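Coordinate inspection notes
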Amino acid sequence: MYYPGSVYVDMSDVVPPEVRPKPAVPAKPPNVGAPSPSSPFPPQGPGIGGGGGVSAPPPSAIPVPIGSHVPVHISSHSVGHGVGHGVGHGGSHSAAHNGGHAHSGSLSSGGGSTLLGYIGIDTIIEQMRKKTMKTGFDFNIMVVGHSGLGKSTLVNTLFKSQVSRRSAGWARDEKIPKTIEIKAVSHVLEEGGVKMKLTVVDTPGFGDQINNDNCWEPISKYINEQYEKFLKEEVNITRKKRIPDTRVHCCLYFISPTGHSLRQLDVEFMKRLSHSVNIIPVIAKSDTMTIEERQEFKQRVRKELEMGGIEFYPQKEFDEDMEDKSDNDKIREAMPFAVVGSDKEYQVNGKRVLGRKTAWGIVEVENPNHCEFALLRDFLIRSHLQDLKEVTHNIHYETYRAKRLNENGGLHPISTNDTQESNL
């Protein structure tokens, strides 16, 4: 509605002085209900265009001199709310010119701030590194194979320390037990400020008897006992902050370098335990074969494992993405690793190397042209150690856990006094 003698200001020109110069006052009042396209105020809110809005008071009630300016206050309220109050309560003048309720943030849409900059989420990895270094790591490795295959020597070579059962006081002239006796030896290794509790589980007596029926049962029992101990600690009402992890993360199965085929005992053992533990087959003392014999034997072993339905680590179904699949395919093609272990040093071309001295020369353990020990060490320690632990926890342990809970309808919490350490 037009009131004679009143002065109208176009709302499209209501902007701070620093953004747009002061517009000229139009001679004829514009249509308030239909703002110009350049106006920052949409036609919404009460008091605009007459659609149920509050009628403006006579101009004589609010005398405002032409050309006066009041600072615009920007807040986070909606535009429609601010415009409605400004026009409804301010008469023919805008809220910016009459000092009305301009607390609505009518210009917040025109000059948005940029939320860019450094936050610091990349420090999460460093936080995790510091925390895990304080806590340390656990890694439990089991070695299985009949006597004379160099199991203890290979483990010592892998970690470049005297960590095997024999190094812990087992006498060389001690008789091998008639039954399999599980022996576990733990050591704390430190390198570069990182501490790892390494437990080597040896199985003396495996496959050394005339009758080897069910000789894998003590090994399977030991593996399940470690799962049971971890499960009982988990179901306790008052659990430990950090449950001791004695579960077997990796089982190195030593294959005799016969050059012919796998023994039936080898097939049965890996078939029965492949679903309970991560099995990594290795060909022991591969320096007893020529390179051609070694390649033929490896191909024959892979074929027999495939025909027997034996799954060894890394399993294909555990590949998380294409990058993992590509890396693991190369590893699977190279397995079983033909290795040579030695804890003795020799001088070769002015360098000290680990090797085995023979009548025709020195077999260098870490030389990829002589054996595949370097591939096994890189795979086992430098690239897949953490994945071995995760597969043990997420796959093998969870399978055992689900089976136990389904059998008994759930385990009852036990007290701390009922938990006993295994003396195996």
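Residues numbered from 1 in each chain as written. Predicted model: local features only at pLDDT ≥ 70, side-chain atom pairs only at ≥ 80, totals over all residues. Heavy atoms only, no water.

1. Some remarks on the side chain of E228
Assignment of secondary structure puts E228 in helix α5 (residues 217–234). Take E228: its relative accessible area is 13%, and that puts it in the buried class. What E228 contacts, discounting residues up to four positions off in sequence, is Y400 and R404. (Helix = DSSP H or I, 4+ residues; strand = E, 2+ residues; numbered from the N terminus. Buried < 20%, exposed > 50% of the residue type's maximum accessible area, 1.4 Å probe, protein only. Contact = heavy atoms within 4.5 Å.)

2. Re unusual backbone geometry
The omega torsion of the bond from Y313 to P314 falls at 0 degrees, within 30 degrees of zero and hence cis. When you line up the elements, P314 lands in the loop between α7 (291–307) and α8 (322–334).

3. Looking at the pairing of strand β3 (residues 194–202)
Judged from the 7 bridges that link them, strand β1 (residues 137–144) and β3 form a sheet pairing that is parallel. Opposite I141, over in β3, you have V200 as the bridge partner. In this structure, strand β2 (residues 183–191) lies alongside β3, joined through 9 bridges in antiparallel fashion. The partner of H187 across the bridge, within β3, is L198. Between β2 and β3, which follow one another and run antiparallel, lie 2 residues, and G192 among them has a positive phi close to 60 degrees. (Pairing = 2+ DSSP bridges.)

4. Some points on the sheet that holds strand β9 (residues 361–364)
What the 3 strands build is an open sheet, ordered β7-β8-β9; its pairing is antiparallel. Two strands bound the open sheet, and with one partner strand each, they are β7 (345–348) and β9. Each neighbouring strand pair of the sheet contributes to a mean axis angle of 70 degrees, computed without reference to strand direction. Across 4 bridges, the pairing between strand β8 (residues 351–358) and β9 is antiparallel. Among the inter-strand pairings, R356 is bridged to a residue of β9, identified as V363. (Axes fitted to C-alpha atoms, helices over the stretch in contact; angles between N-to-C directions.)

5. Re the pattern of salt bridges
Across all of its chains, the model carries 18 salt bridges by this definition. Note that D266 and R263 form a salt bridge whose closest N and O atoms lie 3.4 Å from each other. Taking the shortest distance from any N to any O, the salt bridge between R332 and D329 comes out at 2.7 Å. Of this pair, R332 and D329 are both found in helix α8, 3 residues apart, which corresponds to roughly one turn of the helix. Assessed through its relative accessible area of 22%, D329 is described here as partly exposed. Bridged by salt links that share partners, the residues K160, E366, R377, D378 and R382 form one connected network. (Salt bridge = Lys/Arg side-chain N within 4 Å of Asp/Glu carboxyl O.)

6. Regarding a negative patch on the surface
Together, E320, D321, E323, D327 and E390 give the surface a local cluster of negative charge. With respect to the helices and strands, E323 occurs in helix α8. The exposure class assigned to E323 is exposed, which follows from its relative accessible area of 57%. (Patch = residues over 30% accessible without salt bridge, like charges linked within 9 Å, V, L, I, M, F, W, Y side chains within 5 Å. Areas by Shrake-Rupley, 256 points an atom, 1.4 Å probe, with all protein chains shown as cover. Lys, Arg positive; Asp, Glu negative; His and termini not counted. Charge placed at Lys NZ, Arg CZ, Asp CG, Glu CD.)

7. Some words on the sheet that holds strand β6 (residues 337–338)
The strand order β2-β3-β1-β4-β5-β6 describes an open sheet built from 6 strands, whose pairing is mixed. Looking at which strands have only one partner, the edges of the open sheet turn out to be β2 and β6.

8. Observations concerning α7
Helix length check: α7 (17 residues) gives 25 Å between terminal C-alpha atoms against 24 Å at 1.5 Å per residue, within 8%. Residues of α7 that are buried: R294, F297, K298, V301 and L305. Projected down its long axis, α7 carries its buried residues within an arc of 105 degrees, all on one side. Looking at α7, the residues exposed on the side facing more than 90 degrees away from the buried face are E292, K303, E306 and M307. The elements touched by buried residues of α7 are β4 (250–255), α6 (264–273), β5 (279–283), α8 and β6. At the C-terminal side of α7, G309 shows a positive phi close to 65 degrees. (Expected span 1.5 Å × (residues − 1). Arc of directions from axis to C-beta.)

9. Considerations on a positive patch on the surface
A cluster of basic residues, K130, K131, K134 and K241, forms a positive patch at the surface. Its location among the elements puts K134 in helix α3 (residues 124–135). On the basis of relative accessibility, which here comes to 76%, the residue K134 falls in the exposed class.

10. Brief notes about a nonpolar patch on the surface
Nonpolar side chains collect at one region of the surface, where I119, I121, I124, I125 and M128 lie side by side and expose about 580 Å² of accessible area between them. Note that I125 resides in helix α3.

11. Focus on the confidence of the model for the protein
The predicted structure's coordinates, where accompanied by low pLDDT, should not be read in detail. Considering every residue of the protein, the mean pLDDT works out to 77; 66% of them sit at 70 or more. Throughout residues 59–109 the model reports pLDDT below 50, and contacts reaching past four residues in sequence, or to other chains, amount to 92 contacts. (pLDDT = per-residue confidence, 0-100.)

12. What about the pairing of β7?
Across 4 bridges, the pairing between β7 and β8 is antiparallel. Residue Y346 lies in a different strand from β8, and its bridge partner there is V353. Taking the residues that link successive antiparallel strands as the turn, the β7-β8 hairpin has 2 residues, and the phi of N349 there is positive, at about 55 degrees.

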